Amino acid sequence: MGSMMKSPQKNEVVLKDGDDWLHFTDPHSILVADKLEDVAGALTQVEEQVQTGGWHAAGFLSYEAAPAFEPAVPSRTGTGFPYLWFGLYPEPKPVKIPASLSPLKKVDWTPTVDRDTYTSAVDKVRDYIANGRTYQVNYTMRLQSEYDASAWDLFLHLAQNQNRYAAYVNTGRYILCSASPELFFRLDGTTITCRPMKGTARRGRTTGEDHFQSDWLRNSEKNRAENVMIVDMIRNDLGRIARIGTV
């Protein structure tokens, strides 16, 4: 099952693969794209290193890298955060993830937009929906906070609560602590799988309460409509890259 994992060091990655945790260490090379125009070429290099060199790639594409694939999508520039970061590693080692032994340090998140900007954006979304220009908008905003405790300990807390898809990436300058119940996509051969999560409810205190919450979700007009919309959106996205008739 592997040894108990300690805090990953610079250029190391720990990620969840099914029920297992994998530790990527001692990279052969690190590929970084600091410019948007370098993203596609860097991805090609990653693919070549995996296919011909036998290396294992672990890393990330940032949200801001979206215009490299779809120019119509706007994103922030000049943040200093890499558009792409991937390490090429030898075969990863299975490890165990310990439970955090210390209480989670309180994090005081601050929105990066003010109340008026937020309200104006929500009003605009409502107008677009009312006028038939869109049927759903995922409006998000960034939060930031000072944090001087251990990033690894923060990740362990996140992983305890939702670790179906989780990764810890230490680039040296940046550390990513990612834990999500959703799968963006998984490509296995010629099969691509997406597992979004729309429509949630708290667990009940008893089995009976669990069944009640489940029935409520199943019969919720809003949640069912949102589920249909996200399926339709993903089907449309996959249809842009898949062979006709295979989605």
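Because the structure is predicted, anything quoted here is derived from the model rather than measured.

How each quantity is defined
For every chain, the first residue of the written sequence is number 1, and numbering continues from 1 onward in sequence order. Thresholds applied to this predicted model are a pLDDT of at least 70 for local features of residues and 80 or more for the giving and counting of side-chain atom pairs; totals over whole chains, interfaces and linings are not thresholded and use all residues. The side-chain quantities take in all heavy atoms of the structure and omit both hydrogens and water. A run of H or I in DSSP becomes a helix once it reaches four residues, and a run of E becomes a strand once it reaches two; helices and strands are each numbered from the N terminus. One less than the residue count of a helix, multiplied by 1.5 Å, gives the span that helix is expected to have. Here's how the labels work: a residue is buried when its accessible area is under 20% of the maximum for its type, exposed when over 50%, partly exposed in between, all with a 1.4 Å probe on protein chains only. The arc under discussion is defined with respect to the helix axis, by the directions toward the C-beta atoms. In what follows, a contact means two residues having at least one pair of non-hydrogen atoms within 4.5 Å. At least two bridges found by DSSP between two strands are what make those strands a pair. The salt bridge criterion pairs a side-chain nitrogen of Lys or Arg with a carboxyl oxygen of Asp or Glu, the two atoms within 4 Å. Nitrogen and oxygen atoms within 3.5 Å of one another constitute a polar contact, given that in protein one can donate a hydrogen and the other can accept it, and given that sequence-neighbouring residues count only through two side-chain atoms.

Colleague: Whenever I open this one, helix α5 (residues 221-239) confuses me. Can you help?
Modeller: Helical periodicity: at 3.6 residues per turn, an α-helix aligns residues three or four positions apart in one direction. Relative to the 27 Å expected for 19 residues at 1.5 Å per residue, α5 spans 27 Å between its end C-alpha atoms, a close match to the ideal helical length. Listing the buried residues of α5 in full gives Asn223, Glu226, Met229, Ile230, Ile234 and Leu238. Buried residues in α5, looked at end-on, bunch into an arc of 165°, giving them a common side. What points out from α5, more than 90 degrees from its buried face, is the exposed set Glu221 and Val228. Against β13 (191-195) and α4 (207-218) lie the buried residues of α5.

Colleague: For this particular structure, what's the right way to read the pairing of strand β11 (residues 175-180)?
Modeller: The two faces of a sheet get side chains in turn, since along a regular strand they alternate between them. Two elements, strand β10 (residues 165-170) and β11, share 6 bridges in a ladder whose sense is antiparallel. Within β11, the position partnered with Asn170 by the bridge is Ile175.

Colleague: I tried to follow the pattern of salt bridges on my own but got confused; where do I start?
Modeller: Should the charged atoms of two oppositely charged side chains come close, the side chains can pair. In the structure shown here, the tally under the stated rule is 9 salt bridges. A salt bridge links Arg203 to Asp210, with the shortest nitrogen-to-oxygen separation between them at 2.7 Å. By relative accessible area, which is 68% here, Arg203 ends up exposed.

Colleague: Is there a simple way to think about helix α1 (residues 39-53) in this case?
Modeller: The terminal C-alpha atoms of α1, which comprises 15 residues, lie 20 Å apart, in line with the 21 Å expected from a rise of 1.5 Å per residue. Within α1 the residues assigned to the buried category are Val39, Ala42 and Val46. Burial along α1 is one-sided: seen end-on, the buried residues are contained in an arc of 70°. In α1, the exposed positions that point more than 90 degrees away from the buried face belong to Gln51 and Thr52. The inward-facing, buried residues of α1 abut β4 (29-33), β5 (56-61) and β6 (84-89). Looking one or two places after α1, you find Gly54, whose phi comes out positive at around 75°.

Colleague: What should I look at first to understand the environment of Pro196 in this one?
Modeller: Among the structural elements, Pro196 can be located in the loop between β13 and α4. A sequence separation of 131 residues divides Pro196 from Ala65, and the C-alpha atoms of the two residues are 21 Å apart. Residues in contact with Pro196, not counting those within four places in the same chain, are Glu182, Leu183, Ile230 and Ile234.

Colleague: What am I meant to see in the environment of Asn219 here?
Modeller: Inspection of the secondary structure puts Asn219 in the loop between α4 and α5. Each C-alpha atom, one on Asn219 and one on Ala159, is 31 Å from the other, the two residues being 60 residues apart in sequence. A distance of 2.8 Å separates a polar atom in the side chain of Asn219 from the backbone oxygen of Asp215.

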